[in-house]
Amino acid sequence: MHKLVVLASGSGSNFQAIIDAVHRGDINANIVGLITNKSGIGAIKRAEKNSIPVKIISPDDSNSFHKNLLETLLDWNPDLIVLAGFLRKIPNKVIEVFSGKIINIHPSLLPKYGGKGFYGKHVHQAVINAKETESGCTVHLVNEQYDAGSIIEQVVVPVLPTDDADTLAKRILEQEHKLLPKIINKILTDKKS
Ligand code: GRF
């Protein structure tokens, strides 16, 4: 059975979509742990409800953050690491050790509206401000730069004239919840062959 580790910093609705896909049998893997940089977030409650081990790694000291993150990942030894709303940069050493095994979901059509500062509502507000007619979501490999690794797959979502950042975010999130489990399953299935 493949092993998945999820990293999240927020409500964890994408994490929940992965949990649901595993329960349905759409992803043939065990979620061996959730790593987060914050206590008291929704993602932790979702993990606890599903008996998934949680490791909270405080970001206060970046040296120990890097060390603890790497140690936890080496201990859990995942086949795939999924960033689902994780708001810390992954240290280069971790990327080196788990090369090609870390993916991220981002709520825009990268390379547009990606990089430092483009997270959460900021992404959707920028899309609206620029009067884009379409946006979407992207799953990509993680490299040393924010949101810049090879694109695996994107889903286009229309931007409606009536949209504000919240309505657009909601419509894109619905697509994220389908895209992320689909790509996880594809990567793990391809690994087997
Ligand atoms: C999602 O929009 C994801 O694309 C981005 O962070 C958000 C996380 O949302 N990287 P949630 O915590 O999964 O609800």
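Details of the structure are given in the entry above.
This structure is a prediction, so every number in the text was calculated from the model and none was measured.

**A look at the site of the ligand**
Here's step 1: Around the ligand, the neighbouring residues are G10, S11, G12, S13, N14, G85, I105, H106, P107, L173 and E176.
Here's step 2: In this structure, a nitrogen atom belonging to the ligand sits 2.8 Å away from a main-chain N or O atom of I105.
Here's step 3: Burial of the ligand by the protein chains amounts to 82% of its free accessible area of 370 Å².
Here's step 4: According to the grid-proximity analysis, the pocket containing the ligand is the largest pocket.
Here's step 5: At the level of secondary structure, the elements contributing two or more residues to the shell around the ligand comprise α1 (13-24), β5 (102-106) and α6 (165-192).
Here's step 6: For the shell around the ligand, the residue count by class is three nonpolar, seven polar and one charged.

**Observations concerning the packing of aromatic side chains**
Here's step 1: Per the counting criterion, the structure on display carries one aromatic pair.
Here's step 2: Note on Y113 and F118: the rings are 5.9 Å apart at their centroids and 85° apart in plane angle, and the pair reads as edge-to-face.
Here's step 3: Note on Y113: relative accessible area 16%, which makes it buried.
Here's step 4: Taking NZ or CZ as reference, R88 lies 4.3 Å from the ring centre of F65, over its face.

**Focus: unusual backbone geometry**
Here's step 1: Geometrically, the link from L110 to P111 is a cis peptide bond, its omega value of 15° lying close to zero.
Here's step 2: Tracing the sequence through the fold places P111 in the loop between β5 and α5 (121-129).
Here's step 3: In the Ramachandran plot, K131 falls in the positive-phi region, its phi being about 55° despite a non-glycine side chain.
Here's step 4: Mapped onto the elements of the fold, K131 is located in the loop between α5 and β6 (134-141).
Here's step 5: Judged by its relative accessible area of 70%, K131 falls in the exposed class.
Here's step 6: The residue D147 is not glycine, and still its phi comes out positive at about 60°.
Here's step 7: Along the polypeptide, D147 turns up in the loop between β6 and β7 (151-158).

**Focus: the sheet that holds β7**
Sheet strands pair via backbone hydrogen bonds, and the direction of the pair is either parallel or antiparallel.
Here's step 1: The seven strands are arranged β3-β2-β1-β4-β5-β6-β7 in an open sheet whose pairing can be described as mixed. Each edge of the open sheet is held by one strand with a lone partner, namely β3 (54-56) and β7. When the angles between neighbouring strand axes are averaged without regard to direction, this sheet yields 20°.
Here's step 2: Here β6 runs beside β7; their pairing, made up of seven bridges, is antiparallel. Following the sheet pairing, S135 is matched in β7 by V157.
Here's step 3: Packing against the sheet, α1 makes contact with β1 (2-7), β2 (29-36), β4 (80-83) and β5, and its axis sits at approximately 165° to β2.
Here's step 4: Across the sheet, helix α2 (residues 42-49) touches β2 and β3, and the angle it forms with β2 is around 145°.

**Overview of the layout of surface pockets**
Here's step 1: For the largest pocket, the calculated volume is near 850 Å³.
Here's step 2: Of all the secondary-structure elements, those providing two or more residues to the lining of the largest pocket are α1, β5, α5 and α6.
Here's step 3: Top contributing element to the lining of the largest pocket by residue count: α6, with four residues.
Here's step 4: Partitioning the lining of the largest pocket into residue classes produces 14 nonpolar, 16 polar and eight charged.

**Examining the side chain of D163**
Here's step 1: Along the chain, D163 turns up in the loop between β7 and α6.
Here's step 2: A distance of 2.7 Å separates a polar atom in the side chain of D163 from a polar atom in the side chain of T167.
Here's step 3: Within the structure, the side chain of D163 is placed 2.5 Å from the side chain of R171, a separation counted as a polar contact.
Here's step 4: D163 has contacts with I128, P158, L168 and R171, leaving out every residue within four places of it along the chain.

The rules behind these values
Residues numbered from 1 in each chain as written. Predicted model: local features only at pLDDT ≥ 70, side-chain atom pairs only at ≥ 80, totals over all residues. Heavy atoms only, no water. Near = heavy atom within 4 Å. Polar contact = N/O pair within 3.5 Å; in protein donor to acceptor, adjacent residues only side chain to side chain. Areas by Shrake-Rupley, 256 points an atom, 1.4 Å probe, with all protein chains shown as cover. 1 Å grid on protein atoms, 1.4 Å probe; cavity = no way out; pocket = protein on both sides within 12 Å on 5 of 7 lines; lining within 4 Å. Sits in = over half its atoms within 2 Å of the grid points. Helix = DSSP H or I, 4+ residues; strand = E, 2+ residues; numbered from the N terminus. Nonpolar A, V, L, I, M, F, W, Y, C, P; charged D, E, K, R; others polar. Phe/Tyr/Trp six-rings, centres within 6.5 Å; stacked < 30°, edge-to-face > 60°. Buried < 20%, exposed > 50% of the residue type's maximum accessible area, 1.4 Å probe, protein only. Lys NZ or Arg CZ within 6 Å of the ring centre and 35° of its normal. Pairing = 2+ DSSP bridges. Axes fitted to C-alpha atoms, helices over the stretch in contact; angles between N-to-C directions. Contact = heavy atoms within 4.5 Å. Points joined across faces, edges and corners; volume = space filled by probe spheres on them.

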